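Take a look at the letters that make up each chain.
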Amino acid sequence: MDSHKHLFTASVFLAALLLAACTVSYKFNGASINYNETKTITISDFPIRANYVWGPMQAIFNNELKDIFANHTKLIQVKRNGDLKLEGEITQYNQRNKSVSSEGYSAQTELSMTVNVRFTNNKNHKEDFEKQFTASTTYETTQSLNSVQEELVTEMVKNITDQIFNATVANW
């Protein structure tokens with residue numbers, strides 16, 4: 001009986017020692033931000049500077065970009081002078097024939113979107129950058145762009161905002 005008590009005590013001690021020796025850092029959202037240093041972010045609205053424009057695209061993009069940082073970080077969004085700063089513009093939005101059917105007609109159309117981003121990290125300017133992020137998707141030419149545009153733009157915006165998030169705060 002006494003040996004069981006010692007074995008139990010030793011097991012509890014060993015488990016406590018192992019837990020104290022191991023620290024696990026798990027970030028459920030993929031963001032690697034030192035919140036002791038970086039507390040705020042300024043996300044400017046991105047205007048459309050593309051030749052071809054679909055009106056709702058700007059609002060969809062700006063809302064999604066702000067939402068991804070609100071939902072996946074503890075950063076406080078401020079109007080100006082944030083520790084991190086995102087600004088830029090939607091520079092391209094266009095479509096082109098992607099594939100041709102056996103009859104010689106266009107079978108699929110590719111829709112693409114490019115966003116130019118300027119990122120400033122006021123806590124570590126070595127991480128500053130300006131670069132372009134692009135996403136594209138295709139749709140059957142038998143469909144009209146008007147009937148699929150909102151769904152496709154939303155899909156491309158999600159892709160681009162994920163790319164921006166990963167390039168700025170996920171550090172991968």
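All of the points below concern the structure found in this document. (Residues numbered from 1 in each chain as written. Predicted model: local features only at pLDDT ≥ 70, side-chain atom pairs only at ≥ 80, totals over all residues. Heavy atoms only, no water.)

Taken N-terminus to C-terminus, the directions of helix α2 (residues 56–72) and helix α3 (residues 145–170) make an angle of 40 degrees; their axes are 9 Å apart at the nearest point. Taken together, the axis directions place α2 and α3 in an arrangement best described as oblique. The handedness of the crossing between α2 and α3 is right-handed. Contact residues: α2 offers M57, I60, F61, E64, L65, I68, F69 and H72, while α3 offers V153, T154, V157, K158, I160, T161, D162, I164, F165, T168 and V169. Residue classes in the contact of α2 with α3 are distributed as 12 nonpolar, 4 polar and 3 charged. (Axes fitted to C-alpha atoms, helices over the stretch in contact; angles between N-to-C directions. Helix = DSSP H or I, 4+ residues; strand = E, 2+ residues; numbered from the N terminus. Parallel < 35°, antiparallel > 145°, perpendicular 65-115°, else oblique. Left-handed = near helix turned anticlockwise from the far one by under 90°. Contact = heavy atoms within 4.5 Å. Nonpolar A, V, L, I, M, F, W, Y, C, P; charged D, E, K, R; others polar.)

Attention shifts here to the sheet that holds strand β3 (residues 84–100). The strands making up a sheet associate through backbone hydrogen bonding, with each pair oriented either parallel or antiparallel. Pairing in this open sheet of 5 strands is mixed, and the strands run β2-β1-β3-β4-β5 from one edge to the other. The two strands at the open ends of the sheet, each matched to only one other strand, are β2 (76–77) and β5 (129–140). In this sheet, β5 lies alongside strand β4 (residues 106–121) in antiparallel orientation, the contact comprising 12 bridges. Among the inter-strand pairings, F119 is bridged to a residue of β5, identified as F129. In the packing of α2 onto the sheet, the strands contacted are β1 (40–43), β2, β3 and β4, and the crossing angle to β3 comes to about 125 degrees. On top of the sheet, α3 reaches β3, β4 and β5; it is set at about 150 degrees to β5, its chief contact. (Pairing = 2+ DSSP bridges.)

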